[in-house]
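So the chains spell out like this:
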Amino acid sequence: MRLSEYDNIVIAGMAAAVPSQKISVETYYEDFGQDTVQKFSEMAGVKEVVRAKDQQTASDLGYEAAVHLLETNDIDRKDIGILIFVSQKPDYRSPATAFVLQKRLDLNAGVLCMDINLACSGFVYGLQTAHALLNSSNKKYALLITADTSNKTLSREDRTMIMLFGDSGSATLLEKTDVQNHKSQFGLRTNGQKFKSIITPAGAFRNMHLKNITEEWSDGIRRSDYNTHMKGMDVFGFSITDVPLLMKDFLAHTNTSPEDYDVFALHQANLYILKQLSRKIKIPIDKIPISIDLYGNNSSNAIPLLLCQHFAGTEQPNLRTFICGFGAGLSWACGAINIDPKKILPILITDAYYQDGL
Amino acid sequence: MTTLEQLVKIFADTFQVSTEQITDGFSSETVDNWDSVTQLSLVTTVEDTFDIMLDTDDILDFKSFSKAKEIIAKYGINP
């Protein structure tokens, strides 16, 4: 496990944005059969997901969350020294979408901008990276934007994924402080041997010339090489073996136990996996908030979306929060952070998109 | 309904087939729509019906009717 720790950086704000379009699982009764859909819904815990409009990109959702956050926090934007955009759905093949966001957010030239191509582990990886870069810079703030529109590469006939994934964006503002009592800790693992477990084979440069033809794959589901494919049982096995192992190792390395945390903000992969993690780590189920029922699996935004849904506007004191994300890569990570509910904004609903003029 | 009949019905309902089709040869290798959705639906229905919680290895091994009978027997549910 790669471990890192910081004591002078605080989460100064967090916002999340979702599109207005809601798709209920009942929509799929005709395609997949009512019984199959109901069993899926009961197992995965999904009742409906949010889905971006055609023109709305991941960065549009992340941008709206960032504007919501920056307008609420009255800070000087020239003090932002780092902008990280975590997504698997960039605006263009090049340049990185962080540059588009820098322009739209009107950040000055003294900002380090970069994209990180990660999915469900992306918030924790992004947060760790933002901590490291901010800690070693002369700037006061880092802005982490996570956003994904997973649905845009899913086959409409893939019942293992199409009912599960939602689209959204988030923005998190980190602030360097003089007071060294804001301990943030992170533990990360990676297994590139399993890179094919969740993959979109075409659309980049390895398989440039594949035709976009939908046909039946060996699992009986019709999709094209431009659709994302997940080896469901492999990923499920990873989620209930490697992930709890990391969580246990992290608790041991940080000399903490579930009693030391107020909240376990876990990636909303599916409800059955959350129940398995609760059981294996012995986390009381009431410490694990749920958002998958209303929003689905939201890739790198799952954790901030969850925190915004459950804690925005609440009067609770600081929450010692255990975070854990896991998915494509394979990649998995956990962390211990402090969340001040007063800094968490309510979820923004938006269909706004950027007309770039191209 | 016997335990065996209950298990057969769970398989038949999950895969949308008649109970006559549920034999020991019914497995992820022979059934077209056996995927993560059906396997996890199967496991959760079995857990709820028989009030058991399967271990990780058993969840992942739950890939045929004959294996299912073997696995639930470990939890004191004898088909």
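Residues numbered from 1 in each chain as written. Chains lettered and ligands numbered in written order. Predicted model: local features only at pLDDT ≥ 70, side-chain atom pairs only at ≥ 80, totals over all residues. Heavy atoms only, no water.

S.K.: What exactly am I supposed to notice about the overall build of chain A here?
M.R.: In terms of helices and strands, chain A carries nine helices and 17 strands. Its C-alpha radius of gyration of 19 Å places chain A within 12% of the 21 Å reference for a compact globule of 358 residues. Once the C-alpha set of chain A is aligned to its principal axes, its extents read approximately 60 × 50 × 40 Å. Each of the 358 residues in chain A was classed as buried or not, and the buried ones make up 58%. Sequence-distant contacts in chain A: of pairs separated by 6 or more residues, those separated by 24 or more amount to 79%. (Helix = DSSP H or I, 4+ residues; strand = E, 2+ residues; numbered from the N terminus. Rg over C-alpha atoms; globule rule 2.2 N^0.38 Å. Buried < 20%, exposed > 50% of the residue type's maximum accessible area, 1.4 Å probe, protein only. Contact = heavy atoms within 4.5 Å.)

S.K.: In this structure, what is going on with the packing of aromatic side chains? I would like to understand it.
M.R.: What characterises a pair of aromatic rings is the spacing of the ring centres plus the angle enclosed by the ring planes. Applying the stated criterion across every chain, the model contains 16 aromatic pairs over all chains. On the basis of an interplanar angle of 55° and a centroid distance of 6.3 Å, the ring pair of Tyr-6 of chain A and Phe-186 of chain A is categorised as tilted. With Tyr-6 of chain A in strand E1 (residues 2-6) and Phe-186 of chain A in strand E9 (residues 184-190), this pair connects stretches of sequence that are 180 residues apart. Overall, Phe-186 of chain A belongs to the buried group, its relative accessible area being 0%. Consider the rings of Tyr-261 of chain A and Phe-322 of chain A, whose centres lie 5.3 Å apart with planes at 90°: the pair is edge-to-face. Here Phe-322 of chain A lies in strand E15 (residues 319-327) and Tyr-261 of chain A lies in the loop between helix H6 (232-253) and strand E14 (263-266), a separation of 61 residues in the sequence. Classification of Phe-322 of chain A as buried rests on a relative accessible area of 0%. Through a chain of ring-to-ring contacts, three or more aromatic side chains come together here, namely Phe-11, Phe-15, Phe-26, Trp-34, Phe-62 and Phe-65 of chain B. We note Arg-93 of chain A situated over the ring of Phe-205 of chain A; from NZ or CZ to the ring centre the distance is 4.6 Å. (Phe/Tyr/Trp six-rings, centres within 6.5 Å; stacked < 30°, edge-to-face > 60°. Lys NZ or Arg CZ within 6 Å of the ring centre and 35° of its normal.)

S.K.: Can you walk me through helix H2 (residues 36-50) of chain B in this structure?
M.R.: Every α-helix carries 3.6 residues per turn, so stepping three or four residues along brings you back to the same face. Residues and elements named next belong to chain B. With 15 residues, H2 ought to run about 21 Å at 1.5 Å a step, and its terminal C-alpha atoms sit 21 Å apart, in line with that. Among the 15 residues that make up H2, 13 are buried, leaving the element largely enclosed by the rest of the structure. A distance of 3.0 Å separates the backbone nitrogen of Val-37 from a side-chain oxygen at the start of H2, and that oxygen is part of Asp-35. Just downstream of H2 lies Asp-51, where phi reads positive at about 55°. (Expected span 1.5 Å × (residues − 1). Polar contact = N/O pair within 3.5 Å; in protein donor to acceptor, adjacent residues only side chain to side chain.)

S.K.: Where do I start with the pattern of salt bridges in this structure?
M.R.: Where charged atoms of side chains with opposite charge meet at close range, the side chains can pair. Residue and element names in this part refer to chain A. Tallied over the full model, the rule gives 16 salt bridges over all chains. Here Glu-48 and Lys-22 are joined by a salt bridge, their closest N and O atoms 3.8 Å apart. With a gap of 26 residues between them, Glu-48 in strand E4 (residues 48-50) and Lys-22 in strand E3 (residues 22-24) connect regions that are remote in the sequence. (Salt bridge = Lys/Arg side-chain N within 4 Å of Asp/Glu carboxyl O.)

S.K.: Help me understand the domain arrangement of chain A in this model?
M.R.: How big an interface is tends to be reported as the loss of accessible area on association of its parts. All names here are of chain A. Per the domain assignment, the segments making up chain A are domain 1 (8-181) and domain 2 (184-342). Each of domain 1 and domain 2 has a C-alpha centre, and the two are 14 Å apart. Counting residues at the interface gives 49 residues for domain 1, matched by 52 residues for domain 2. Contact with domain 2 buries surface across domain 1, with Cys-120, Val-124 and Tyr-125 losing the most and accounting together for 16% of the total. Linking domain 1 to domain 2 there are two salt bridges. The partner of Glu-157 in a salt bridge is Arg-222, with the nearest N and O atoms 3.3 Å apart. Elements with a contribution of two residues or more to the side of domain 1 that touches domain 2: strand E2 (9-18), helix H2 (34-44), E4, helix H5 (122-135), strand E7 (141-149) and strand E8 (167-176). (Domains from an automatic or database assignment. Buried area = accessible area lost by both parts, 1.4 Å probe.)

S.K.: Help me out: how do you make sense of the interface of chain B and chain A in this one?
M.R.: Listed by partner, the interface residues are 24 residues for chain B and 21 residues for chain A. Both faces considered, chain B and chain A share a buried interface measuring about 1900 Å² in area, 61% of it formed by carbon and sulfur atoms. Arg-279 of chain A is the salt-bridge partner of Asp-55 of chain B, the closest N and O atoms lying 3.4 Å from each other. Here the side of chain B that touches chain A gets eleven residues from one element, more than from any other, and that element is H2 of chain B.

S.K.: Explanation requested: the packing of helix H1 (residues 3-15) of chain B against H2 of chain B in the structure shown.
M.R.: Think of two packed helices as two axes; the pair is described by the angle between the axes and how far apart they sit. Residue and element names in this part refer to chain B. Viewed as axis vectors pointing N to C, H1 and H2 meet at an angle of 150°, and their least axial separation amounts to 10 Å. By the criterion of interaxial angle, the relationship of H1 to H2 is roughly antiparallel. Every pair of crossing elements has a handedness; the one defined by H1 and H2 is right-handed. In contact with Thr-3, Gln-6, Leu-7, Ile-10, Phe-11, Thr-14 and Phe-15 of H1, H2 contributes Thr-38, Ser-41, Leu-42, Thr-45, Val-46, Thr-49 and Phe-50. Broken down by class, the residue content of the contact of H1 with H2 amounts to seven nonpolar, seven polar and no charged. (Axes fitted to C-alpha atoms, helices over the stretch in contact; angles between N-to-C directions. Parallel < 35°, antiparallel > 145°, perpendicular 65-115°, else oblique. Left-handed = near helix turned anticlockwise from the far one by under 90°. Nonpolar A, V, L, I, M, F, W, Y, C, P; charged D, E, K, R; others polar.)

S.K.: Sorry, what's going on with the sheet that holds strand E16 (residues 331-339) of chain A here?
M.R.: In any sheet, the strands associate via hydrogen bonds between backbone groups, in a parallel or an antiparallel arrangement. Residues and elements named next belong to chain A. In spatial order, the strands read E1-E9-E16-E15-E14; together these five strands make up an open sheet with mixed pairing. Among the strands making up the open sheet, the edge pair consists of E1 and E14. Across the sheet, the mean angle from the axis of one strand to that of its neighbour is 15°, orientation sign disregarded. Pairing analysis gives five bridges linking E1 to E9, with the strands arranged antiparallel. Of the residues in E9, the one forming a bridge with Leu-3 is Gly-187. Relative to the sheet, helix H9 (residues 302-311) contacts E14, E15 and E16, its axis offset from that of E14 by approximately 135°. (Pairing = 2+ DSSP bridges.)

S.K.: I keep staring at the nonpolar core and nothing clicks. Help me out?
M.R.: Side chains that are nonpolar tend, in soluble globular proteins, to be buried together. Ranked by internal contacts, the top residues of the largest apolar core, which has 75 residues, are Phe-40, Met-247, Leu-266, Phe-322 and Phe-326 of chain A together with Phe-11 and Phe-62 of chain B. Of all the elements, H6 of chain A adds the most residues to this core, at ten residues. Taken domain by domain, this core gets at least three of its residues from each of domain 1 (8-181) and domain 2 (184-342) of chain A. Not counting chain neighbours up to four residues away, the residues in contact with Phe-326 of chain A comprise Cys-120, Ser-121, Phe-238, Ser-239, Val-243, His-267, Ala-269, Ile-273, Leu-277, Ser-331 and Trp-332 of chain A. (Core = buried A, V, L, I, M, F, W, Y, C linked by side-chain atoms within 4.5 Å.)

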